[in-house]
There are 6 protein chains.
Amino acid sequence: MNANYRVAAFGEVMMRLEVPGHALLVQANSLALSFSGTGVNVTAALTNYGHEGYLVTTLPNNPLGDAAASALKKLGLSLKLSNRAGQYIGSYFLENGFGVRPSRVTYTNRQESSFNTASTDHYDFAAIAEQIDVISFCGITLAMNDLVRSQMFLLAEEMRKRGKLIVFDCNYRPSLWGKDGYEQAKGHYEKMLQLADIVMMNEKDALLLLGFTTEQVDRKEQLLDVIPQVAKRYQIPIIAGTQRTIYGDNKHELAAYMYKEAQFSFYSTEPFAVYDRIGAGDAFTSGIIHGELTKMSQQETIAFAAAAGMLAHTTAGDTPLASIAEVEQALVLTVSDVQR
Amino acid sequence: MNANYRVAAFGEVMMRLEVPGHALLVQANSLALSFSGTGVNVTAALTNYGHEGYLVTTLPNNPLGDAAASALKKLGLSLKLSNRAGQYIGSYFLENGFGVRPSRVTYTNRQESSFNTASTDHYDFAAIAEQIDVISFCGITLAMNDLVRSQMFLLAEEMRKRGKLIVFDCNYRPSLWGKDGYEQAKGHYEKMLQLADIVMMNEKDALLLLGFTTEQVDRKEQLLDVIPQVAKRYQIPIIAGTQRTIYGDNKHELAAYMYKEAQFSFYSTEPFAVYDRIGAGDAFTSGIIHGELTKMSQQETIAFAAAAGMLAHTTAGDTPLASIAEVEQALVLTVSDVQR
Amino acid sequence: MNANYRVAAFGEVMMRLEVPGHALLVQANSLALSFSGTGVNVTAALTNYGHEGYLVTTLPNNPLGDAAASALKKLGLSLKLSNRAGQYIGSYFLENGFGVRPSRVTYTNRQESSFNTASTDHYDFAAIAEQIDVISFCGITLAMNDLVRSQMFLLAEEMRKRGKLIVFDCNYRPSLWGKDGYEQAKGHYEKMLQLADIVMMNEKDALLLLGFTTEQVDRKEQLLDVIPQVAKRYQIPIIAGTQRTIYGDNKHELAAYMYKEAQFSFYSTEPFAVYDRIGAGDAFTSGIIHGELTKMSQQETIAFAAAAGMLAHTTAGDTPLASIAEVEQALVLTVSDVQR
Amino acid sequence: MNANYRVAAFGEVMMRLEVPGHALLVQANSLALSFSGTGVNVTAALTNYGHEGYLVTTLPNNPLGDAAASALKKLGLSLKLSNRAGQYIGSYFLENGFGVRPSRVTYTNRQESSFNTASTDHYDFAAIAEQIDVISFCGITLAMNDLVRSQMFLLAEEMRKRGKLIVFDCNYRPSLWGKDGYEQAKGHYEKMLQLADIVMMNEKDALLLLGFTTEQVDRKEQLLDVIPQVAKRYQIPIIAGTQRTIYGDNKHELAAYMYKEAQFSFYSTEPFAVYDRIGAGDAFTSGIIHGELTKMSQQETIAFAAAAGMLAHTTAGDTPLASIAEVEQALVLTVSDVQR
Amino acid sequence: MNANYRVAAFGEVMMRLEVPGHALLVQANSLALSFSGTGVNVTAALTNYGHEGYLVTTLPNNPLGDAAASALKKLGLSLKLSNRAGQYIGSYFLENGFGVRPSRVTYTNRQESSFNTASTDHYDFAAIAEQIDVISFCGITLAMNDLVRSQMFLLAEEMRKRGKLIVFDCNYRPSLWGKDGYEQAKGHYEKMLQLADIVMMNEKDALLLLGFTTEQVDRKEQLLDVIPQVAKRYQIPIIAGTQRTIYGDNKHELAAYMYKEAQFSFYSTEPFAVYDRIGAGDAFTSGIIHGELTKMSQQETIAFAAAAGMLAHTTAGDTPLASIAEVEQALVLTVSDVQR
Amino acid sequence: MNANYRVAAFGEVMMRLEVPGHALLVQANSLALSFSGTGVNVTAALTNYGHEGYLVTTLPNNPLGDAAASALKKLGLSLKLSNRAGQYIGSYFLENGFGVRPSRVTYTNRQESSFNTASTDHYDFAAIAEQIDVISFCGITLAMNDLVRSQMFLLAEEMRKRGKLIVFDCNYRPSLWGKDGYEQAKGHYEKMLQLADIVMMNEKDALLLLGFTTEQVDRKEQLLDVIPQVAKRYQIPIIAGTQRTIYGDNKHELAAYMYKEAQFSFYSTEPFAVYDRIGAGDAFTSGIIHGELTKMSQQETIAFAAAAGMLAHTTAGDTPLASIAEVEQALVLTVSDVQR
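Predicted model, so just to flag it, every value in this text is computed and none were measured.

Looking now at the overall build of chain A. Regarding its fold elements, chain A presents 13 helices and 16 strands. Expressed as lengths along the three principal axes of its C-alpha atoms, the size of chain A is roughly 50 × 50 × 45 Å. The buried share of chain A, reckoned over its 340 residues, is 54%. For chain A, the share of sequence-separated contacts (at least 6 apart) that also reach a separation of at least 24 residues comes to 69%.

Okay, structure coming up:
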């Protein structure tokens, strides 16, 4: 395998505890255990495409940290830019919905996790920036606390100094910011947007979070109107994202766009059946990064990213597992019989 | 939690032994174990809505009875109006169908179960009637034997004397009544219909079981024709029920009606995907009871009951587990993304 | 494989529902499903030794009967002498003990099972006797009801007429006979003892059930005293059995004996660890039958039977699965390392 | 049960190791174990219809062979025409796809399996042909090596001599024949086609493998054009097969045809949901054989076979498990509620 | 069932996440989920003895809280003296050791749990004290923080005012108190000791935590020396506890004592095999409480408590499940065969 | 983590398919899947001690190879010195014994595996030798075929040239060498012994395989007599090994020795309970290597290695998972209570 670029993510590793099948927590006797997180998902996906994946994170110094580290290594990620400190790991419980009953995610307290309390001294951000080509951040980390926010900016600045690629996925989660969330979040987001080379977002982020306005009503028209404004105000070279349509019979459809050098490219999937929704956005992000790194055309990139995102919905667990060949197959796919 | 009413059910607790997934019994090495029954399902659903649920039943005096008792307590039900006697518990085996292959239920012998052989002396029906506000019966118990039928009538009469609410779900099961079942069943059903305040049934019960006739061909027209006649002949204040449409792709649709004070209300669901069909009728019943107890309008009641019924199809196991908030959410539901 | 003899058993097939591991029924969400029974165990063990095994039984005519039939065929048994009728199968629930906490077996009602209610017309005992060389009965069937007892005697007599081998395992279970059990059982047992060629029993059966007396106190001395009397009174050519010693650390020890032509042979195992106690007696019985059929010496037979019994304690499930080679290996066994 | 015909298959028994649910091998901690194979599937299905099923195969002489033998007996198959020799069993790993992600089958090396290396001396083909009424072959065996091909022809010729029924399912698998597969395969196929009484194939086999040509473009038109030519050239009394349409939402549709005495019959299913695709073709074959053996009309036969094939898609595992009654029910089926 | 006393516990409910079998967290794909806690264990055990069990606790207001509440109700506990507030529940991960490899417990952060952050206003301690006869506290709660410590003392004082029984289990856990733990803990412990009627402790607590001294070296001699001093200094009517001996082969032995009215009673078990060590101390505590409530003699009480403790080691999970009959059977137990 | 040395192993990766619990293959519906091998075990153990572990192997280029690669990365091993080629992976089935019933291992054909058929061109042994400090070989690879034997010698010679450490574990497996195995193996073994710096063996290898003789009868005396002769003849700097005693109650005892610079050191464990026997020898080997690399005294080394070996018996799976701290704890271990 031909590793082209060294891609790192700064972010928290989460423990996912999933109720098997479609049962509720009150019915569960056992939980499926796995480890993921936005940064894990993006870098693991890129590892599957032949790059070297790194995490910049802090794991607890106990058997849970050992289990997380093993799981991350299994995905092909390197932990040599990570630390072990503290005792807790962020975790969430997942109950899979069915039909009209939605899935539910219940978080345990993350603020005391090893990552969210790790001292800035633990990280040598200059040395880290030296050893990688790309860094990926996301808005979930931005929502945590001042400590990790400051670490995020320090690392971004070290990357910027060296002219290296900075990716930022807006990923605004209302439940993490609480009341008046948009107001509280806006300043932090603007700081990141000014540092980033590639930003993942859609028109909702522009309108609700960043305060842009539009006369358009249709979602796609809104996109066409506001994304160029965003790119201009914050000087962002590439913006990409998806608009999701959800159908009643467990099918979703993704309309993906990419805006680069004042030009839009689009790619829409057919409606497709969804097995595990979580982590699919990260697969899309990884596709955009891979397309850029390997100098695909803008149209190839957005198609590759959309197919990667679609495929991630068909795989158990948060983390994308598809190879380049499988993503490309999904692009030309017509429904087919068993492969034997 | 604000328990408003004391709601009891008289009936058998069943052990459900389910082949995991979609395998057949000949393929099974293990079975999923749970406990349910019409009375369990109705009262447990009402417990989720904030009422106090009681069972009037008899469980075996052995480890199976212990397991059943624990399972019922887990659902929030009180067993203080129940007994322990005898050695057997009714049970059934469930093989889940798939697509064109129907699900199969295989019963073991119930006639010798603790409930179906418990002496009438075990129950102090007058004292029981004193301690509850509502009693729920169903046609399955009526099909068992003379002993439990007589107990059913005794308890109904004690409730009637005190002017307390009597609910009866017709629930006619051909396999329990055998050849000439309608003939054998009719007298017993009529006795119950005369005692009940709320009856669950649809036009088929009226036509096939009670012998009403109609010129109408369309199911809804038949309903409009015969239900008022039924209400009149047996002096039943409220009648409610559903007509189910089954689509080939594992989707069902419920057309629910409620007839009260000479007026019909209707509520039809969209077609919805079905995860576990069993017990859904009991969820509907519990919704009607809850609507009446909490003085919802007739239209609110039928909508709430239909949504409760629909939601019960999306949950593993016989027993409805939805809260009021979840039922209300299902009423206004559009398909939605994961809740996190 | 060289099938020497056609060996049948008359008896009930039981469904075993086992709580996994060492949990209690109140803790169980699932149960392990298997099918067994004394007759199943004895004939399946003999099938493993190269004989043809048959069951003379009646299974329910429903998916449970199908599952039982498949399980029996998997053990190599032929069902061509069996019937399908009725709807129920006897079953029991097993909770595995641990250390000072004993295992518990909870039966469901067997009296209504297909086997225990099958009409005598279902069986053509003369034709059955023609097609087999050996029949095996046990005291559990004797405890059921007059119907199956009469069938048992009819078949035994058909075998006797043809000079074919009749085996009877006393297997007295107090819980099946109730109060005054010995008195009620004695006559039935005596009838069987007079018909049998090989009887499995020990001194307790002689003393408590058949009313023999002895001055001896030590169990082995009692055996030496009463077994010859039993053989003489009922004209039994061969009697064999075991005395079990149970140690606190989950180890048992078997002292086996065989009495034939006025001579005793003995074989005692070392204490051995026990994995699944149920069905081990049937393995011993099968060993005695196999020794006799293949004309082993008396000493070889008792050793083979004891080793077969010991080995059955180390295997999951009721039914012995060891081959002749494995039994012979257990006889010369010293503790050994993994075989690879 | 009334076994009418003795139906055997010559072929390899495969071990199927399936990743549970929809996970990938890289995510799996455990695998579901079962045993199947084309010959197993066809004869087991016929056993369910009341015939006697036999396998002519060679299983390894070790615990894997024991496990396979037990599994086959459980399906009701007789192994008295089979051998035990060698040490290996062919096996494959199955990862179930989801939506746009296809299922994957990974084979381990089969060439060294007991079946594929068994000496011809192990089989007494003349004696085997005496003891059976029907033999079923398939193109997978034809693809293995010269040794088993020669055995296949020997057995076919012994059957032919005795005027007994020979069934051959073309079942061309490109991955087994490698580059220039059609060329290499053609001669072997032609030899089998000349020996067979019933051949399973469709227009693709005629065009790609046998080199027939047609001007038609539509699949059905192609069929109408080339199948009569095939029947004529190779003197095949009966040819049958299916054309499969795959829809995006996990639904398939089968258009089945049967050509006999210069006449076509057709039967098309509605689109139906698919649970386990593997082995469904074998169910179709078994239906054709059963129809012929029991002298159904041509139209009844093709309908029965198509329904058997459809039903096999709804059952876990490779091997069809439906009874005649269940196949007939599927023929008249409208979607229905739970059977209780 | 005849509930004699209303017994409550004040304390945290913990989520137990156990690696199945003897695997490590790094090897685990799934975890067994259950809910327990010292207070849960003590009151649930007493519920099994016929008392009414109550928890005074705060559970999170989310699906985890729902799951905990269901699990507690399943044990027969009432939550009517409990609250729902906050979002987190304390949890721990359990890896079962084997032989020379010890079991490991890894806690997640408890300080932010619903119980450890619940405002004192949530509880009406006076009203609670009115509704119960006995309150049980433990040293784990004492180690949490000032808030819950103050709540503990408030409730103890309300009980004291009413002359109701206060039980306190010292349960000193070094890991919860950190460096200089004994010093920090001592004052809090002394406050509780002065309030308690029954105290669970052994000589180590007296020597290490409370600072008593002795010239004795032997553990039992130390006990005889210091426990009377403790009783005297803090005016404690009853003190009881166990000294545990651990043998290499997974066997433990308990030497239990009880000191009351200046008199010691003792009971020592035989060495017994251990299945699940956690929660066994709580079973012992429940035995002492039950003995006192039901006016057993001092010797009967200590024997009952020791047997209850021993039995709890043989049962999966933290919470004792034995009935009075089972405890009494364990007292007279000799090793025995399967019960059927 | 402080990686001191780069340790590689040359050898095959095996797929382990284990029947859960103590069941037999004929009883299994599922198998636990893992990947291991002598080389995997030795290098993974050293990775846990802080070294960098590498495998020099060839994995198949299919989903099984992907699964193996993921599993190896999870253990912390690097595959950058490994290849992907071919299609098959060696595998074995494990049935866990119980008490007197031994465990059974059944292999599938390994000769066609990717490793055993990989062309020598795939490996650049000179480059590999440059990148590592230690290479570990074992006698299992030596038993495979001439191809891998030649590769083994090539790599050993490249290491030798560079003066790097060569470890060889004799690991003679009779079943791999067949009849006259010792004769066939001797020459190959002698070649490796002359190249190795550290050899794992005991007196049996010297006597049976290499043809040394002794007058001694006692195993330890034999060791003292022949090991110095072996060291001398083949010029081996360090020889180490264990003598295993197996007790009936699932306990083993290891007497370990190390011979270096004409001096013996010994360390014997207490008898300890065994959970998973496979791979324990590799843990011992890793302990010897670690001791040597970190310049422990000879006595420290042998004790560390013996404790590592002992601990590996207590952990599920083939591969040792203990940290240095856990091995050191096992050395000073007295039986202890749960760690919380």
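Attention now moves to the relation of the copies chain E and chain A. Structural alignment of chain E on chain A gives an RMSD of 0.0 Å, achieved by rotating through 180° and translating 0.1 Å along the axis. Given the turn and translation reported, the copies of this chain are related as if by a two-fold rotation axis. Judged by C-alpha distance, leucine 31 of chain E is the residue of chain E that lies nearest the rotation axis, at 2.6 Å. Here 100% of the contact residues of chain E are again contact residues in chain A; the copies associate through an equivalent surface.

Moving on: the sheet that holds strand E7 (residues 91-95) of chain B. In spatial order, the strands read E8(B)-E7(B)-E2(B)-E3(B)-E3(C)-E2(C)-E7(C)-E8(C); together these eight strands make up an open sheet with mixed pairing. Among the strands making up the open sheet, the edge pair consists of strand E8 (104-107) of chain B together with strand E8 (104-107) of chain C. On average, each strand axis in the sheet is inclined to that of its neighbour by 30°, with strand direction left out of account. In the sheet, strand E7 (residues 91-95) of chain C pairs with E8 of chain C via four bridges, with the strands oriented antiparallel. Directly across from phenylalanine 93 of chain C, in E8 of chain C, lies its bridge partner threonine 106 of chain C. In the packing of helix H2 (residues 63-74) of chain C onto the sheet, contacts are made with E7 and E8 of chain B together with strand E2 (14-18) and strand E3 (30-36) of chain C, and the angle to E3 of chain C comes to roughly 65°.

All names here are of chain E. With 16 residues, helix H6 (residues 146-161) should reach 22 Å at 1.5 Å per residue; the first-to-last C-alpha distance of 22 Å fits that figure. Within the sequence span of H6, burial applies to Val148, Gln151, Met152, Leu155, Ala156 and Met159. The buried residues of H6 all sit within an arc of 130° when viewed along its axis, so they share a single face. Opposite the buried face of H6, by more than 90 degrees, sit the exposed residues Asp146, Ser150 and Lys161. Immediately downstream of H6, the backbone of glycine 163 shows phi near 65°, a positive value.

This part takes up the interface of chain E and chain A. Chain E puts 22 residues into the contact, and the matching count from chain A is 22 residues. The set of elements that each furnish at least two residues to the side of chain E that touches chain A consists of strand E3 (30-36), helix H2 (63-74), strand E7 (91-95) and strand E8 (104-107) of chain E. With five residues, the single largest contributor to the side of chain E that touches chain A is H2 of chain E. For the side of chain E that touches chain A, a count of residues per class yields eleven nonpolar, seven polar and four charged. The sheet contact formed by strand E3 (residues 30-36) of chain A and E3 of chain E spans three bridges and is antiparallel. Note on E3 of chain E: the bridge partner recorded for leucine 31 of chain A is leucine 31 of chain E.

Within helix H1 (residues 38-48) of chain C, eleven of the eleven residues are buried, which leaves it mostly tucked inside the rest of the structure. Looking at the residues trailing H1 of chain C, positive phi occurs at glycine 50 of chain C, about 105°.

With that out of the way, let us pick up the UniProt feature "domain: Carbohydrate kinase PfkB" (unreviewed entry) in chain A. Feature annotation in UniProt places "domain: Carbohydrate kinase PfkB" (unreviewed entry) on residues 6-319 of chain A, given in this structure's numbering. Helix makes up 40% of residues 6-319 of chain A and strand 25%, whereas the separation of the span's terminal C-alpha atoms amounts to 19 Å.

Once that is clear, we can look at the environment of threonine 269 of chain A. All names here are of chain A. One can find threonine 269 in the loop between strand E15 (263-268) and strand E16 (272-273). A tally of 21 C-beta atoms within 10 Å means that threonine 269 is categorised as buried. C-alpha of threonine 269 to C-alpha of glutamate 253: the two residues are 16 residues apart in sequence and 5.9 Å apart in space. For threonine 269, the contacting residues outside a window of four places in its chain are Glu253, Leu254, Ala306 and Met310.

What the eight strands build is an open sheet, ordered E9(A)-E8(A)-E2(A)-E3(A)-E3(E)-E2(E)-E7(E)-E8(E); its pairing is mixed. Edge positions in the open sheet fall to strand E9 (104-107) of chain A together with E8 of chain E, since each of these has one partner strand only. Direction aside, neighbouring strands of the sheet carry axes that sit 30° apart on average. Bridge count for strand E2 (residues 14-18) of chain A against strand E8 (residues 91-95) of chain A is four bridges, and the pairing is parallel. Directly across from arginine 16 of chain A, in E8 of chain A, lies its bridge partner tyrosine 92 of chain A.

Now for the environment of isoleucine 227 of chain D. Residues and elements named next belong to chain D. Relative to the helices and strands, isoleucine 227 resides in helix H10 (residues 219-234). Sequence separation of isoleucine 227 and lysine 186 is 41 residues, and the distance between their C-alpha atoms is 16 Å. Apart from residues no more than four positions distant in its own chain, isoleucine 227 is found in contact with Glu203, Ala206, Ile239 and Tyr259.

The next subject is the packing of helix H12 (residues 298-312) of chain E against helix H13 (residues 324-332) of chain E. Residue and element names in this part refer to chain E. Contact geometry of H12 with H13 gives a least axis separation of 9 Å together with a crossing angle of 100°. By the angle class used here, H12 and H13 are roughly perpendicular. Packed against H12, whose contacting residues are Ala303, Phe304, Ala307, Ala308, Met310 and Leu311, the element H13 presents Glu326, Val327, Ala330 and Leu331 at the interface. Looking at the contact of H12 with H13 residue by residue, the classes come out as nine nonpolar, no polar and one charged.

All names here are of chain B. As judged from the three bridges shared by strand E11 (residues 198-200) and strand E12 (residues 238-247), these two strands associate in the parallel manner. Within E12, the residue paired with methionine 200 across the bridge is alanine 240. Pairing of E12 with strand E13 (residues 251-260) involves ten bridges; the strand directions are antiparallel. Looking at E13, one finds that threonine 242 is bridged to alanine 256. Between E12 and E13, which pair antiparallel one after the other, the connecting turn spans three residues, and asparagine 250 there sits at a positive phi close to 65°.

Interfaces are frequently sized by the accessible area removed from exposure as the parts join. Listed as interface residues are 22 residues of chain C and, on the opposing side, 22 residues of chain B. Residue assignment for the side of chain C that touches chain B shows that the elements contributing at least two residues are E3, H2, E7 and E8 of chain C. For the side of chain C that touches chain B, the element with the highest residue contribution is H2 of chain C, accounting for five residues. Residues belonging to the side of chain C that touches chain B are distributed by class as follows: eleven nonpolar, seven polar and four charged.

Cut-off values and rules
- Residues numbered from 1 in each chain as written.
- Chains lettered and ligands numbered in written order.
- Predicted model: local features only at pLDDT ≥ 70, side-chain atom pairs only at ≥ 80, totals over all residues.
- Helix = DSSP H or I, 4+ residues; strand = E, 2+ residues; numbered from the N terminus.
- Buried ≥ 20, exposed ≤ 12 C-beta atoms within 10 Å, placed from the backbone.
- Contact = placed C-beta atoms within 7 Å.
- Least-squares fit on C-alpha atoms with pLDDT ≥ 70 in both.
- Pairing = 2+ DSSP bridges.
- Axes fitted to C-alpha atoms, helices over the stretch in contact; angles between N-to-C directions.
- Expected span 1.5 Å × (residues − 1).
- Arc of directions from axis to C-beta.
- Nonpolar A, V, L, I, M, F, W, Y, C, P; charged D, E, K, R; others polar.
- UniProt positions renumbered as here; feature names shortened; annotations may be inferred.
- Parallel < 35°, antiparallel > 145°, perpendicular 65-115°, else oblique.

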